[in-house]
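Geometric and topological summary
Below, each chain spelled out in residue letters.
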Amino acid sequence: MERVIITPNMQEGLLGDTKGEKIPSLLPKNDDLEHVINVLCAGGYGAWVVGGAVRDCILGKIPEEYDICTTANPDEIIEAFEETIPTGKKYGTVTVKSGNSMFEVTTLRTETGYGDGRRPDIVEWGTSLKVDLSRRDFTMNAMAYDLVRELLHDPFNGKSDLGKGLLKAVGNASQRLSEDGLRIMRAYRFMDRQESGLWLPDFSLSAALIDNRAMLAMVSIERIWNELSRIIIGKNAGQVLARMNQDGVLSAI
C-alpha cells in the first residue's frame, strides 16, 4: 500500500453504520487531528473521533487528547503514516504522530471472553462502528464524531444522558463491569463532574457497582491507585468517597 499524500480538502471515508446527527463544528479546529483523519479517509477507510473528546466537546470543554477509531487494521495504520508506535497493536491500538501531537488510533473490533477480568481473551477486527461503541463502558463515552461529515453517532443516547447528568452503562451494567473491574473505579470518578456537582448512576449501574465489587481483587493496585488518586483531587471528592464507602468499595480496595 502506497502512503497517502494529503490533499487540501478533507476526504470522506466510510460512513458509520449507525444514525448520525448533524452537529457542525462540534470539535475545535485541530490541524494535526484533521491530518490523521484525512489520511485514513483518503485511504478508503472509515475514521471517527471517539470517546472522551466527544463527551468533553458536548459539555463545552476543550479536549486534552483525541482518540480515533477506524476500519483500518493495525498494519494498515502503520503503513499509512510516517511515524507510529505499536502501543497496543495486539488489541488494535497504534499511536500515530502528526505534527507535534500524538493520537491513539484503534481498529474497530469485537471482543469475547474476559478471563483475567481486565482484557478480552479474543479480539477480532471489525467494520461496524455501532458494534464497537456497544463494547464501551458508559453511554457518555460511547459516542463518535465524523469530523468530515460533521455527524455525531450516538446509538446509546449518551448526549441525552449528559444533558440529564446521568451516569449509565452501555447495555447490561453487570456485564460491562465484569469485563474489566477497573470500570468500577472509573464509574466513581465520572460521578464527580467538578463544578457541575455529583452525577449519580442509574438504578442498574448502582446495583452493579455493589454486586461486582469483588472484581476489584483482579485489578492491579497501580491501576486502582491511578483512578483513586484522580477521585481524591476531585472537587466533590468527599461525596464520592462517602458513596464508595457506603457501597463497600473502599473496604474492597
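Higher on the page you've got the structure.
My aim in this report is to walk through the structure given alongside it, one point at a time. (Residues numbered from 1 in each chain as written. Predicted model: local features only at pLDDT ≥ 70, side-chain atom pairs only at ≥ 80, totals over all residues. Heavy atoms only, no water.)

With that out of the way, let us pick up helix 9 (residues 221–232). With twelve residues, helix 9 extends 16 Å from end C-alpha to end C-alpha; this agrees with the ideal 16 Å at 1.5 Å per step. All buried positions along helix 9 are accounted for by Arg223, Ile224, Glu227, Leu228 and Ile231. Taken around the axis of helix 9, the buried residues stretch over an arc of 125°, which confines them to a single face. Looking at helix 9, the residues exposed on the side facing more than 90 degrees away from the buried face are Ile221, Glu222 and Trp225. In this fold, the buried residues of helix 9 make contact with helix 7 (182–191) and helix 10 (237–246). (Helix = DSSP H or I, 4+ residues; strand = E, 2+ residues; numbered from the N terminus. Expected span 1.5 Å × (residues − 1). Buried < 20%, exposed > 50% of the residue type's maximum accessible area, 1.4 Å probe, protein only. Arc of directions from axis to C-beta. Contact = heavy atoms within 4.5 Å.)

Read from one edge of the open sheet, eight strands run 1-10-9-2-3-6-5-4, paired in mixed fashion. Only two strands of the sheet have a single neighbouring strand rather than two, namely strand 1 (20–22) and strand 4 (84–88). Pairs of neighbouring strands in the sheet enclose a mean axial angle of 35°, with direction left out of account. (Pairing = 2+ DSSP bridges. Axes fitted to C-alpha atoms, helices over the stretch in contact; angles between N-to-C directions.)

Here we come to the packing of aromatic side chains. As enumerated under the stated definition, the model contains one aromatic pair in all. Measuring from centroid to centroid gives 5.9 Å for Phe138 and Phe190, while their planes differ by 80°, and the two rings are edge-to-face. Here Phe190 lies in helix 7 and Phe138 lies in the loop between helix 4 (129–134) and strand 9 (144–146), a separation of 52 residues in the sequence. The ring centre of Phe190 lies 4.8 Å from the NZ or CZ of Arg189, which sits over that ring. In this structure, Arg193 is placed above the aromatic ring of Trp199, and the distance from its NZ or CZ to the ring centre is 5.1 Å. (Phe/Tyr/Trp six-rings, centres within 6.5 Å; stacked < 30°, edge-to-face > 60°. Lys NZ or Arg CZ within 6 Å of the ring centre and 35° of its normal.)

A separate point is helix 10. Those residues of helix 10 that sit buried are Ala237, Val240, Arg243 and Met244. Looking straight down helix 10, one finds its buried side chains confined to an arc of 130°; they lie on one side. Of the residues in helix 10, the exposed ones pointing more than 90 degrees away from the buried face are Gly238, Asn245 and Gln246. Looking at the buried side of helix 10, the elements it contacts are helix 7, helix 8 (203–211), helix 9 and helix 11 (249–252). In the stretch just after helix 10, Gly248 is the one whose phi turns positive, near 80°.

The residue Ser25 is not glycine, and still its phi comes out positive at about 55°. Counting through the fold element by element, Ser25 comes out in the loop between strand 1 and helix 1 (31–42).

Shape descriptors only; they carry no functional weight alone.
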